[in-house]
Amino acid sequence: MKPVNILYCANCGAANHEQDTICFACGKTLVHAQDIDEQEQMQTIVLLENRYRLIDSVGKGGFATVYKAEDLRSKTIVAVKEITLKDLKPQEIIDATDTYHREIRFGESLKHPALPRVYAHFMDQDHWYIVAQFIDGQTLEEYRQQLPGGQLPLDEVLSIALQVCDVLTYLHSRQPPIIFRDIKPDNIMRTRAGRIYLIDLGIARQFRPGQRRDTQALGSPGYAAPEQYGSDQTTERSDIYSLGATLQALLTGRDPLDEDTTITRKPVVLPEELSELLAEMLARDPAQRPSSIISVQRRLEQINTGIASSQASPIPVPPPAPASTPYYIPSTTAGSGNPPTAPKQRFGRLQVIAIAIALLAVLGFGSDSLLNYISGRTHHVSRSQATSIPPASQQVLNIAASNLDEPLDPATVQYTQSTQIVSMTSAGLVSLENDMRIHGQLALSWETDPQGYTWTFHLQHGLKFSDGSPLTSKDIAYSLDRALDPALKDGTAMYNLQYIQGADQRFAGKVKTVIGQGILTPDDDTLVIKLSKNIAYFLDTLTCPCASVVKKALIDKYGQNFTDHLSEGSSSGPFKIERNTKQQVDLIPNPDYYGPHPKLSRISFTAYTDAETSYHAYQTGQVSFVNNIPLSLADTASRDQTFYRSPQLTMTYVAMNYQIKPFDNIKIRQAFALAIDKDLISQTIRKGTTFPTNHIIPRGDPSANPATVGLDGNQSTAGNPEQAKQLLQEGMDEEGIAAIKSFPTVTLTYSQNSSIASREELAFLQAQWKTTLGISVKLQEMPVGTFYNLVDNAKDARNIQMWRISWAADYPDASDWTTLQFGQNSAQNTYAYGQNQSKAAPDQQVIQKTLAQADVTQDQQQRVALYQGAEQNLINDVAWLPLYQFYDCYVVKPNIYGLTVNAMGMISPDDWANIYVTQ
Ligand SMILES: Nc1ncnc2c1ncn2[C@@H]1O[C@H](COP(=O)(O)OP(=O)(O)OP(=O)(O)O)[C@@H](O)[C@H]1O
């Protein structure tokens, strides 16, 4: 229960401190209202409308008590807000009525992922009720009170700020604009997954141009802008003030009315731009504040980008985002300073990369372009552009694609663009937000047993497919089970959903279904998943496309060819397929989507034969978004004002076989690693389309650790030739190798379809080992299929000594980079990590134990700490030698508003509601 220490004015409704006697807003004497005896109330009122069973009281505000309740009809958890009329004074009744109606009107008409949905409202003699989406979380005020000093780390505050900006942008761009008027930590709720909701639209108002002042002074002391004290009309800038006060309170841990509110005296050192922005947002004179929330958002994004950039070494491509200012993160936050919004690649396994590289090579794309698929950051236009939205006929977005051949089957889809289309047309239980946090999509809420073996998902109300037929838990169960079908060629569930109980038997063909075993459907709105291993990252695995919904009736009718008939109404996402010719895929909004509806009236993906042609189509205005800018065009495109790049979760590395001499010696592996100047590769060969790294968990993964160091103990990525030489000598001594001429032959194997840049890179590696260590490394080219076969069997065949390869994340979790690749018995541990004869094997097994422990540690902070510790050990052990992480390089026309691509290279499904074409 939330402690109530605020006293609401009976005259004007403003929130005052409990001990105050005079209202800060209207100056009237405050009346100390009587608390409602909730226990008594809970005992007498248990069922409302014969439908809502009150479970618990979760919060209390000025006029209302909020209950967690069960909707017995839909079997879902909802929030029931109860306003008790009896005992209210006449003025309070007027205010409460006003608040109630406004909250219903706004709640029902506004659709934004950060605004809880209003499902129903009703009343009895003494009460009014609002039934709304239940937010399983706490207010930011409650949350920060639990943290040391009441302070949140900078990266988290920025993530919150950007989310609040997003919803304020939405509110301010309504016609007429809606001013929230009460932004404060008490009115922002945060879920465990870090998702933000604005609650309490009760005092929001529509802006009336020409009105000089508000009829009522409303807001909360300290957070309300000066003009809210009745002197002027509230405008968008009033919300900017309150947001500034909120961010300052979160960063400093101090309430705005605390004696000292200047941030300079707090033990927090902020990026200079952030201090400046906060000072502007908090200007007393509204005219001195930023002119729009969009401009605040843009500046916060630049600060965010600056943080991300300051964690990487400089790169030569002129960055499209404004330059970053180096800053100091206080030591308390250093371990958690992940870049909050880094884009990500949606390719999974090595084999996938192999197939994709082969295909792109055939299509004339350099293999490097494969790794530059869609991703990005928010694109904004000026306020005036943002508010004048052209009609639906002009809301068309044309996107260049490199390949649309892949069947749009969620269970098998692997290319980024097909995956993007699948994410727009097939919903899953959960989906990823832009900052890699998870939110419910088909699932309204979920819970798990304390050990994390059984997950119960409660679905959204009244879900439908795009043909209007109901979508129930049985459809989701069918889709998950089908994804596990061993008959599916190239299914990805065998990795991603392997821990659903019975999945192993299903793959082995020993059982025909896991429904009834690992997947249960107690009713149409509830789905239960039981796990064979209580992996803490289970929800992340559900963000993979293979966990999205397919329509059984369509598959029954057309078999594997069902993907040719997707336009027959099988969509469950924000868009549905109108046409799919493999040359062009046209999507239009799905009116039956449960969530916020897209503003775009059409999205067309057109396949171009090569990157040059698609870039030309962009230059001539045929398409507005190209996301596969290859290295060959990077120089040209980077001079374009609309060129963007941001890190994605794809890395290139060199693997050394621990089972084969000389790499069974750790010192020799370390010598080979430190001999390489990774900076030069990214700067000169990769031309800034990549950045050098020592990390195994890449930047942008929620568990990435900026404090991770290279194996020589520092963060430089330029190599360490002296230490490399010394380690080589020590390693040779240990192995009894008297001189370089008796050094075992070393062969670096690579795939035949490597691009020119990749070959240059291989030659560069060869030259560095020669110059620094005096060792001649042979380069060996292999046909693609043979190469990946060798890599997959490196564990057993011992026939590949050293190879260069890339890895892209399947889902945003450290386990994808650690346990999956180096864990004991992991199918993807093709390196025989821990299971080899080298002297390092016992230490490797210790790391494997830590990883196994991390996988099932339910406390997120502890889990991250375990992975980060293991990562440092893997780096020191040269589990593999990371060379660089990819940037996503793309161009997007400035008139495309709101396009934000998340770190997996995807546009989050509910984001489509906020993307549109401006004039
Ligand atoms: N949709 C929701 N899901 C879960 N908890 C909620 C929800 N809405 C509100 N709460 C909880 O109930 C508390 C009171 O809600 P709210 O602030 O909307 O009430 P109010 O009377 O309108 O408040 P105020 O007095 O600030 O106007 C919140 O602080 C929060 O803890």
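Residues numbered from 1 in each chain as written. Predicted model: local features only at pLDDT ≥ 70, side-chain atom pairs only at ≥ 80, totals over all residues. Heavy atoms only, no water.

**A closer look at the overall build of the protein**
Here is step 1: A tally of regular secondary structure across the protein gives 28 helices and 32 strands.
Here is step 2: Within the span of the protein, comprising 919 residues, buried residues form 62% of the whole.
Here is step 3: Across the protein, contacts joining residues at least 24 apart in sequence account for 69% of those joining residues at least 6 apart.
Here is step 4: When the accessible surface of the protein is summed, it comes to about 33,500 Å², and 51% of that surface belongs to carbon and sulfur atoms. (Helix = DSSP H or I, 4+ residues; strand = E, 2+ residues; numbered from the N terminus. Buried < 20%, exposed > 50% of the residue type's maximum accessible area, 1.4 Å probe, protein only. Contact = heavy atoms within 4.5 Å. Areas by Shrake-Rupley, 256 points an atom, 1.4 Å probe, with all protein chains shown as cover.)

**Some thoughts on the pairing of strand β29 (residues 802-808)**
Here is step 1: Taking burial as the measure, the seven residues of β29 include seven buried ones, the bulk of the element.
Here is step 2: Neither face of β29 is exposed, since Met-802, Arg-804, Ser-806 and Ala-808 on one face and Trp-803, Ile-805 and Trp-807 on the opposite face are all buried.
Here is step 3: For strand β27 (residues 746-751) and β29, the ladder comprises two bridges, and the chain directions are parallel. For Leu-748, the partnering residue across the bridge sits in β29 and is Met-802. (Pairing = 2+ DSSP bridges.)

**Side note on the environment of Thr-169**
Here is step 1: Tracing the backbone shows Thr-169 in helix α4 (residues 154-172).
Here is step 2: For Thr-169, a relative accessible area of 6% translates into the label buried.
Here is step 3: For Thr-169, the contacting residues outside a window of four places in its chain are Ile-293, Ile-294, Gln-297 and Tyr-897.

**Here we look at the site of the ligand**
Here is step 1: Around the ligand there are 20 residues in total, and Gly-62, Lys-81, Gln-133, Ile-135 and Asp-200 lie nearest to it.
Here is step 2: Here Asp-200 contributes a side-chain N or O atom positioned 2.5 Å from an oxygen atom of the ligand.
Here is step 3: Contact with the protein chains removes 92% of the 620 Å² of surface that the ligand exposes when unbound.
Here is step 4: Contributions of two or more residues to the shell around the ligand are made by β4 (52-60), β5 (64-71) and β6 (76-84).
Here is step 5: Of the residues contributing to the shell around the ligand, the split by class is 10 nonpolar, six polar and four charged. (Near = heavy atom within 4 Å. Polar contact = N/O pair within 3.5 Å; in protein donor to acceptor, adjacent residues only side chain to side chain. Nonpolar A, V, L, I, M, F, W, Y, C, P; charged D, E, K, R; others polar.)

**A short note on the packing of aromatic side chains**
Here is step 1: Taken as a whole, this structure holds 25 aromatic pairs when the rule is applied.
Here is step 2: Relative to Tyr-129, the ring of Phe-122 lies with its centre 4.9 Å away and its plane at 25°, an arrangement referred to as stacked.
Here is step 3: A centroid spacing of 5.4 Å and a plane angle of 75° characterise the contact between Tyr-884 and Phe-886, whose relative ring orientation is edge-to-face. Each member of the pair, Tyr-884 as well as Phe-886, is classed as buried.
Here is step 4: An aromatic cluster is defined as three or more aromatic residues linked by ring pairs; in this entry it consists of Tyr-653, Tyr-658, Trp-803, Phe-822, Tyr-831, Tyr-833 and Trp-880.
Here is step 5: Above the plane of the ring of Tyr-170 lies Arg-174, whose end atom (NZ or CZ) is 3.9 Å from the centre.
Here is step 6: The cationic tip of Arg-190 hangs over the ring face of Tyr-143; the distance from NZ or CZ to the ring centre is 3.9 Å. (Phe/Tyr/Trp six-rings, centres within 6.5 Å; stacked < 30°, edge-to-face > 60°. Lys NZ or Arg CZ within 6 Å of the ring centre and 35° of its normal.)

**Observations regarding the packing of helix α5 (residues 236-252) against helix α6 (residues 272-281)**
Here is step 1: The geometry of α5 relative to α6 is characterised by a closest axis approach of 8 Å and an angle of 135° between their N-to-C directions. In terms of axis orientation, α5 runs oblique to α6. Judged by the twist between their axes, the crossing of α5 over α6 is left-handed. Note on element contacts: α6 touches α5 through Leu-274, Leu-278 and Met-281, opposite Ile-240, Tyr-241, Leu-243, Gly-244, Leu-247 and Leu-251.
Here is step 2: Classifying every residue of the contact of α5 with α6 gives eight nonpolar, one polar and no charged. (Axes fitted to C-alpha atoms, helices over the stretch in contact; angles between N-to-C directions. Parallel < 35°, antiparallel > 145°, perpendicular 65-115°, else oblique. Left-handed = near helix turned anticlockwise from the far one by under 90°.)

**Remarks on the pairing of β5**
Here is step 1: When you tally the buried positions in β5, you get six out of eight residues, the bulk of the element.
Here is step 2: Taking the residues that link successive antiparallel strands as the turn, the β4-β5 hairpin has three residues.
Here is step 3: Where β5 and β6 come together, eight bridges link them in antiparallel fashion. Bridge pairing in β6 places Glu-70 opposite Ile-77.

**Some remarks on the environment of Gln-420**
Here is step 1: Looking at the element boundaries, Gln-420 is found in helix α12 (residues 416-425).
Here is step 2: Between the C-alpha atom of Gln-420 and that of Pro-545, which follows or precedes it by 125 residues, the distance is 9.2 Å.
Here is step 3: Within the local environment of Gln-420, its side chain forms a polar contact with the backbone nitrogen of Ile-907, the two atoms lying 3.0 Å apart.

**Topic: the sheet that holds strand β3 (residues 47-48)**
Here is step 1: Ordered by their spatial adjacency, six strands build an open sheet running β3-β4-β5-β6-β8-β7, and the pairing between neighbours is antiparallel. The sheet is open, and its two borders are formed by β3 and β7 (118-123), each paired with just one other strand.
Here is step 2: Helix-sheet contacts for helix α2 (residues 90-109) involve β6, β7 and β8 (127-133), and the interaxial angle to β7 is about 150°.

**Side note on the UniProt feature "binding site: ATP" (unreviewed entry) in the protein**
Here is step 1: Under the feature "binding site: ATP" (unreviewed entry), the UniProt entry names Lys-81.
Here is step 2: You can see Lys-81 is positioned in strand β6.
Here is step 3: In contact with Lys-81, not counting residues within four places along its chain, are Ala-64, Thr-65, Val-66, Glu-103, Trp-128, Tyr-129, Ile-130 and Asp-200. (UniProt positions renumbered as here; feature names shortened; annotations may be inferred.)

**A word on the state of the cysteines**
Here is step 1: Inspection of the entire model under this criterion finds zero disulfides.
Here is step 2: Here Cys-544 is not disulfide-linked; the sulfur of Cys-546 is the nearest cysteine sulfur, at 5.2 Å.
Here is step 3: Residue Cys-544 is classed as buried on the basis of its relative accessible area of 2%. (Disulfide = S-S within 2.5 Å.)

**Looking at the environment of Thr-747**
Here is step 1: Within the fold, Thr-747 resides in strand β27.
Here is step 2: Beyond its immediate chain neighbours, meaning those up to four positions away, Thr-747 contacts Lys-778, Gln-780, Gln-801 and Met-802.

**A few points about the pattern of salt bridges**
Here is step 1: Counted according to the given criterion, the structure contains 31 salt bridges.
Here is step 2: Notably, a salt bridge pairs Glu-156 with Arg-190, separated by 3.2 Å at the nearest N-O pair. Placement of the pair is Glu-156 in helix α4 and Arg-190 in strand β11 (residues 188-191), with a sequence separation of 34 residues. Pair check on accessibility: Glu-156 and Arg-190 agree, each one buried.
Here is step 3: The salt bridge involving Lys-533 is made with Asp-855; its shortest N-O contact spans 3.7 Å. Taken together, the positions of Lys-533 in the loop between β20 (526-530) and α16 (538-541) and Asp-855 in helix α27 (residues 841-856) put the pair 322 residues apart, joining distant regions of the chain.
Here is step 4: When its relative accessible area of 25% is taken as the criterion, Lys-533 is described as partly exposed.
Here is step 5: Through salt bridges with shared partners, one network takes in Glu-578, Arg-579, Asp-586 and Arg-602. (Salt bridge = Lys/Arg side-chain N within 4 Å of Asp/Glu carboxyl O.)

**Some thoughts on the confidence of the model for the protein**
Here is step 1: For the protein, per-residue confidence averages 81 on the pLDDT scale, and 82% of positions sit at 70 or higher.
Here is step 2: The lowest-confidence element of the protein is helix α8 (residues 331-334), averaging 21 in pLDDT; the highest-confidence one is helix α13 (residues 473-483), averaging 98.
Here is step 3: Long-range and interchain partners of residues 33-45, a stretch whose pLDDT sits below 50, account for 23 contacts in this model, where long-range means more than four residues apart.
Here is step 4: Under the prediction, the complex receives an ipTM of 0.97, its pTM being 0.61. (pLDDT = per-residue confidence, 0-100.)

**Some words on the nonpolar core**
Here is step 1: Membership of the largest hydrophobic core comes to 80 residues, with the highest contact counts inside it found for Phe-457, Leu-497 and Phe-822.
Here is step 2: Element by element, the count of residues in this core is highest for helix α24 (residues 784-792), at five residues.
Here is step 3: Leu-497 has contacts with Leu-480, Ala-483, Leu-484, Ala-503, Thr-541, Leu-542, Cys-546 and Ala-547, leaving out every residue within four places of it along the chain.
Here is step 4: Grouped together as the second largest cluster of nonpolar side chains are 40 residues, Ala-114, Leu-198, Ile-293 and Val-296 included. (Core = buried A, V, L, I, M, F, W, Y, C linked by side-chain atoms within 4.5 Å.)

**Things to note about the side chain of Asp-910**
Here is step 1: Residue position: Asp-910 is located in the loop between β31 (896-897) and β32 (916-917).
Here is step 2: One buried charge, Asp-910, has no salt-bridge partner; the nearest side chain with opposite charge is Arg-117, at 4.5 Å.
Here is step 3: Within polar-contact distance, the side chain of Asp-910 engages the side chain of Tyr-593 at 2.6 Å.
Here is step 4: If we ignore the near neighbours within four places in the chain, the residues touching Asp-910 are Pro-113, His-439, Tyr-593, Tyr-594 and Pro-596. (Lys, Arg positive; Asp, Glu negative; His and termini not counted.)

**A closer look at the sheet that holds strand β18 (residues 454-459)**
Here is step 1: Sheet architecture is open: four strands sit in the order β17-β18-β20-β19, paired in antiparallel fashion. Either end of the sheet is taken by a strand with one partner, and the two such strands are β17 (443-448) and β19 (519-523). Strand-to-strand twist across the sheet, computed as the mean angle between neighbouring axes with direction ignored, equals 20°.
Here is step 2: Sitting on the sheet, α13 is in contact with β18, β19 and β20, with an inclination near 175° to β19.

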